[in-house]
Amino acid sequence: LRLRVGFQEKNLFGTGRVFGTQATGSIKAQSLTSNLSDPFFLNTDIKADLTAFFNHREEPSFTRRDIGMRFTLSKYLTDNLISSGEYMIRNTDITDVDQVEESSEGTYNYASLKGQVTYDTRNDIFFPTTGQRLFASAEQADKVLGSGINLTRLTGGARVFFHLARNTVLGARYSTGLLLPGPGEVTLPLSERFFNGGE
């Protein structure tokens, strides 16, 4: 069971910018997010988003708390192709770690630059019946950016939807990734690793 409440103003002070804030709570996780979006950043066709966030989550083998912010620029290259770039900085605290990974407990700063390309032909972003969404991204965390750890993260994925009958849609999803520790990094914190499964 989750409870989610939020507020959104679609024309902040008459500027055309969008402001929203949202809080989510459950037994295992709590989060608070605020976002300011400018659909025509510096009078261009580039969309800018500034997001501040707080997340607290109890994973099966550890508890994670994140506080941070990210700045994202995105642009439609064609009707279906979107490119984006993002700078993110956050502070992460890991506690209640299983005995096998006790050395992973602690607090660290994470800062990265990320680029992503997305190809989206879905006929509806909320209830698609046909189309696909493909993405590929590359992220680099480095001490030059303010990060306490160095790593390269490559991710990609696909979601494909097939309209089988009047009231039946088949959806398939695939995601994958590769983590490469930077120079001098022997292991990566638990919260940066990939895990199978999900909610």
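Residues numbered from 1 in each chain as written. Predicted model: local features only at pLDDT ≥ 70, side-chain atom pairs only at ≥ 80, totals over all residues. Heavy atoms only, no water.

A short note on the packing of aromatic side chains
Working step 1: Counting across every chain of the model gives two aromatic pairs.
Working step 2: Judged by centre distance (6.1 Å) and plane angle (65°), the ring pair of Phe41 and Phe71 falls under edge-to-face. Placement of the pair is Phe41 in the loop between strand 3 (29–38) and strand 4 (47–58) and Phe71 in strand 5 (residues 63–76), with a sequence separation of 30 residues.
Working step 3: A relative accessible area of 25% means that Phe41 is categorised as partly exposed.
Working step 4: On the basis of relative accessibility, which here comes to 32%, the residue Phe71 falls in the partly exposed class.
Working step 5: Ring geometry for Phe62 versus Phe195: centroids 6.0 Å apart, planes at 40°, classification tilted. (Phe/Tyr/Trp six-rings, centres within 6.5 Å; stacked < 30°, edge-to-face > 60°. Helix = DSSP H or I, 4+ residues; strand = E, 2+ residues; numbered from the N terminus. Buried < 20%, exposed > 50% of the residue type's maximum accessible area, 1.4 Å probe, protein only.)

So, the pattern of salt bridges
Working step 1: Using the criterion set out here, one finds ten salt bridges in the structure.
Working step 2: Of the charged contacts in the structure, one is a salt bridge between Asp66 and Arg64, with a shortest N-O distance of 2.7 Å. The residues Asp66 and Arg64 share a single accessibility class, namely buried.
Working step 3: For the salt bridge of Arg122 with Asp120, the shortest nitrogen-to-oxygen distance reads 2.7 Å. The same class applies to Arg122 and to Asp120, which are both buried.
Working step 4: Within the structure, one salt-bridge network assembled from shared partners comprises Arg64, Asp66, Arg90, Glu139, Arg153 and Glu192. (Salt bridge = Lys/Arg side-chain N within 4 Å of Asp/Glu carboxyl O.)

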